[in-house]
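An overview of the molecular structure
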Amino acid sequence: MGNPNGHCASPAEAAPEYFMRDGKLTRRTFIKGVGAITVASALGFGAQASPEGVAVAEEAPVKAGEKSVHAVCTVNCTSRCHLHGTVRDGKLIRVEPGNMPGRPGYANACLRSMSYIKHVQDENARVMYPMKRTGERGSGEFERITWDEAIDIIAEKLNAVVAKDPKNASFYSFTGDLGKLSWEAPTRFAGCLGATTWDVEGIMGDHGASMGMTMVFGTHRGAHDSRDYLNSNLVICWGRNLADTHTSELRDYVAARKNGAKVIVIDPRQCSTAAMADEWIGINPQTDPALALGMMNWIIGHDLHAKDKLVEESVAPYLIREDNGKYLRMVDGKVAESTADDAADATSIGSTPASQGDAGSGAHTYVIWDELTGAAVDAPKAAAIKAGEVKPALSGTFTVDGVKCRTAFDHLVDGCKGYTPEYTGKICGIDPAVVERLAEEYITAKPAAIRMGQGMQRVNHSYSPFRTVATLAMVAGYIGVKGGGASHAGGTATNKPVAGYTGPVYNYTDWSNTGKKANMVPSSQLYNAAVDRNPVGIDFLWIANSNLINMSPDSNYMINHVLPAIDFIVTADPWWTWTAKYSDIVLPATSYWEHWDLIDRSPWAMFNQPAIEPLGESKSDVEMMTMLAKKCGVEQYWDKTDEEWIRQFVGTDHPAWADLDWNRDVVEQGIYGRSDAIYEPAIVYADGAGYKTDTGKFEFYTEKMLPFGEEVPSWLPPAEDPREGELAKKYPLAYIQYHDRLNVHTQHILIPELEVVQNEPLLQMNPKDARERGLSHGDIVRVFNDRGDMKLRVFLTEGIVPGTVATQSGWTPDHFIEGCYQNLTRMAINDAEESYSMTNSAFYDNLVEVEKA
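First things first, this report covers the structure right here in the doc. (Residues numbered from 1 in each chain as written. Predicted model: local features only at pLDDT ≥ 70, side-chain atom pairs only at ≥ 80, totals over all residues. Heavy atoms only, no water.)

1. Brief notes about the overall build of the chain
- Helix and strand content of the chain: 24 helices and 37 strands.
- Within the chain, contacts between residues at least 6 apart in sequence are counted, and of these 75% link residues at least 24 apart.
- Of the accessible surface of the chain, which amounts to about 31,100 Å², a share of 49% is contributed by carbon and sulfur atoms. (Helix = DSSP H or I, 4+ residues; strand = E, 2+ residues; numbered from the N terminus. Contact = heavy atoms within 4.5 Å. Areas by Shrake-Rupley, 256 points an atom, 1.4 Å probe, with all protein chains shown as cover.)

Quick look at the structure:
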């Protein structure tokens, strides 16, 4: 989408190019700026081996005077692609997909990573030297200083804060570079001082998925490998635009569709993935749980639910007390009011690690009603049920030692029975017949797969979409089967267990030793901490890997209240971001092409190393912290170079490294396929194993949500509901943002090679809504609510549901005519989310109005 009234493309530029025709992939090359950027596909993936044997494109050989280099793309799209670069005269001139050991045809690189080299080597875009603010915050007025001067100034401010209370010094590292060293160095430094770090998933709007998946699976990222979709008869991409945002997976959806699977996309927008699918179901924003509940209601009402699966592998037959809504628990044959295992349930799940607690740690205390003996017994394992040793009742009311109980399944039925096709269709904005047909297609596909995306959970009560859709998959019997699943993000780690070996794969002992412990605070409390000094104060803030202002809600509040309450702000970044301009000291950070780092992308270890010299006086995050450590009295914890840290990480006797050759695998190839790796796709939760919940089963009944009336999956309307209320009359349009192929968050915006994709922010609007406001395609419009406004050009399309408008996430104020999209978003604490873990930024829960500017 280009500027409707801007640059007119020449006939050659305007001619459409097809990148897949008759099953064959073609290639295209952009020659611009720093060199040639090989673009394999408008859909973003490289040439690959298809089921029909399309040839695999190997890494291009280098020519005389050129050097072959490798890197892993560490930006936060989760693909973690291995890149093969070519350097000539000290400059990166070409990037293409790098080979993936053990998995031919998986090489991948998107438009963003291939064009990134232009941006990385642009001295006008980069922060080149340490800079000290001379004007007002936000003015962009800075002077160049030396590294020694910068570190001295920072250390003086930091040491003064630490002397009073270390917790009032904060180190905030976001997701701009997810290499282990870059991402963790600032927060590791906080540990050395006993300072504060921030659990960032909440403020970035990605924690709802983690909460929802943890509720039912016990892990944040339960997922089938996308190659398994070749075994699916139906694939539903639910709130996931993988064609633009997760290009490494797209080939598997194309292959599944060619293999006969129907692909359905559920999204308020007709995104790029919807354009290549068999069907797009456009639903109103924030109604995904309602649709899943409606499908469950139809399936159960038609007696098509997977009764055996529910009984064997879920908490469906578990007894729930009628007096307090809690699971019935028994210890030593007697009903227990509580158990010691309950205490562990109170801890925050946080962003890491992916698994929480021990699977089934309290499983022995739960109770089912055995139809064989007519008595309450300890909840059995799936194998005992399959063997016929016990027959749990799926439904019914029972009395155990005077305590009246019903099964968890009956509670689930109650929760979804009101979601008739008519009621569901009204909420979702679709025909009731579509609800019925979708439910029928899903349950009869046998098997059907669902891939959920981040777009579902940047809403109020953000855990609900993932939790509810996953429960739908369990009700249908598709969890743990080939071609099934309800997955989030990428595939699963596939490594062979080593019998009798208990040592760690990586040697993180020294890296983990910081002397003290950092104070981890949910990022949902960042605004309160700055303004109200609750739960901690923020007198010093180090920001790394983050354009904090542009990627946080309600930027006006951030600028006018949060940042002024912070005495001293340091930003370490390769780029002159909106956030950098509001900082007191700005430090030049290296990109992933300029420093050593490691990504553990099991079954591979992937390595970054300096492929080019750092621009200006850029330093890695480890180098910065090592310099600062000498001024703060913690230098003993920062006694290695970046390369020495990486060497230590892989320096264990674990069998994973049996075949590692440092020069060959790390220096020359940049990637190592572990010796203990399995390269075939794994089926998650096969035979009911692998759940990390307290019951050791799929848990759709969540005790912790009892105070909020959400013990079973439910749908709650948005905080800013376009259906009713005074706010809806004033601002009748739901406003959402989306991720696209142009950028990852604020990275890659307006790289010249990507201007052919889009060269300005645009507001997508349905023509129906435009007519009601007298708007035409290409008009400049003002989008506004009580929090702020923005001006930009409107793009009319029937590919967005009426009543909803959208812009692409990541654009900064530099690119809007006026304002910014974050002026419109809101920051509000959600009590239910905060109780379970932490509030998730509801970026898509906003009402606005649009008028011609």
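What follows continues from the structure just given.
2. Quick word on helix α5 (residues 207-217)
- α5 sits mainly inside the fold: 11 of its 11 residues count as buried.
- Residues of α5 that are buried: H207, G208, A209, S210, M211, G212, M213, T214, M215, V216 and F217.
- Among the structural elements, β22 (448-452), α15 (463-476), β23 (486-488) and α24 (831-836) are those in contact with the buried residues of α5. (Buried < 20%, exposed > 50% of the residue type's maximum accessible area, 1.4 Å probe, protein only.)

3. Quick word on the pattern of salt bridges
- Within the structure shown, the criterion is met by 48 salt bridges.
- In this structure, E371 and K391 form a salt bridge, with 3.8 Å as the shortest nitrogen-oxygen distance. Of this pair, E371 sits in the loop between β18 (367-370) and β19 (375-378) while K391 sits in the loop between α11 (382-386) and β20 (397-400), and the two are 20 residues apart along the sequence.
- Given a relative accessible area of 43%, E371 falls into the partly exposed group.
- Between D779 and K852 there is a salt bridge whose closest N-O contact spans 3.9 Å. Taken together, the positions of D779 in the loop between α23 (767-772) and β33 (780-785) and K852 in strand β37 (residues 847-852) put the pair 73 residues apart, joining distant regions of the chain. (Salt bridge = Lys/Arg side-chain N within 4 Å of Asp/Glu carboxyl O.)

4. Points about the sheet that holds strand β6 (residues 82-88)
- Spatially, 3 strands are ordered β5-β6-β7 in an open sheet, and the strand pairing comes out antiparallel. Each edge of the open sheet is held by one strand with a lone partner, namely β5 (66-72) and β7 (91-97). Taking the axes of each pair of neighbouring strands and ignoring which way they run, one obtains an average angle of 30 degrees across the sheet.
- Both β5 and β6 contribute to a ladder of 7 bridges, which runs antiparallel. Its bridge partner lying in β6, V72 is registered against H82.
- Of the strands in this sheet, β6 and β7 touch helix α2 (residues 111-120), which is tilted by about 175 degrees from β7. (Pairing = 2+ DSSP bridges. Axes fitted to C-alpha atoms, helices over the stretch in contact; angles between N-to-C directions.)

5. Regarding the environment of P166
- Residue position: P166 is located in the loop between α3 (147-164) and β10 (169-173).
- When the C-alpha atoms of P166 and L193 are compared, they prove to be 6.5 Å apart, with 27 residues separating the residues in sequence.
- Ignoring any residue separated from it by four or fewer positions in sequence, one finds P166 in contact with V161, L193, G194, A195 and T196.

6. Quick word on a negative patch on the surface
- On the surface, a cluster of negative charge is contributed by E422, D431, E436 and E440.
- Mapping E422 onto the fold places it in helix α13 (residues 421-428). (Patch = residues over 30% accessible without salt bridge, like charges linked within 9 Å, V, L, I, M, F, W, Y side chains within 5 Å. Lys, Arg positive; Asp, Glu negative; His and termini not counted. Charge placed at Lys NZ, Arg CZ, Asp CG, Glu CD.)

7. Let's talk about the side chain of T797
- Among the structural elements, T797 can be located in the loop between β34 (788-796) and β35 (804-808).
- Within the structure, the side chain of T797 is placed 2.8 Å from the backbone nitrogen of G799, a separation counted as a polar contact. (Polar contact = N/O pair within 3.5 Å; in protein donor to acceptor, adjacent residues only side chain to side chain.)

8. A few points about the environment of A190
- On the secondary structure map, A190 appears in helix α4 (residues 180-193).
- With a relative accessible area of 0%, A190 lands in the buried category.
- The sequence separation of A190 and K517 amounts to 327 residues, and the corresponding C-alpha distance is 7.8 Å.
- Among all residues touching A190, those that are not within four sequence positions of it are F171, A195, T196, T197 and A518.

9. Examining the sheet that holds strand β12 (residues 234-238)
- Strands sit in the order β14-β13-β12-β22-β23 across an open sheet of 5 strands; the sheet is parallel. Looking along the sheet, the strands with just one partner apiece sit at the ends: β14 (279-281) and β23. When strand polarity is set aside, the average angle formed by the axes of neighbouring strands in this sheet is 20 degrees.
- The sheet contact formed by β12 and β22 spans 5 bridges and is parallel. Residue pairing for β22: I236 is matched across the bridge by I450.

10. A closer look at the nonpolar core
- Of all hydrophobic cores here, the largest spans 72 residues; its most connected members are F217, I236, W238, I266, L291, Y442 and L472.
- Beyond its immediate chain neighbours, meaning those up to four positions away, Y442 contacts L234, I236, M295, I299, A448, I450, L472, A473, A476 and Y478. (Core = buried A, V, L, I, M, F, W, Y, C linked by side-chain atoms within 4.5 Å.)

11. A short note on α3
- The end-to-end C-alpha distance of α3 is 26 Å, a good match for the 26 Å that 18 residues give at a rise of 1.5 Å each.
- Residues of α3 that are buried: W147, A150, I151, I154, A155, L158, V161 and V162. Around the axis of α3, the buried residues are gathered within 135 degrees of arc, so they sit on the same side. Facing away from the buried side of α3, by more than 90 degrees, are the exposed residues D148, E156, A163 and K164. (Expected span 1.5 Å × (residues − 1). Arc of directions from axis to C-beta.)

Function cannot be inferred from these measures alone, as they are strictly geometric.
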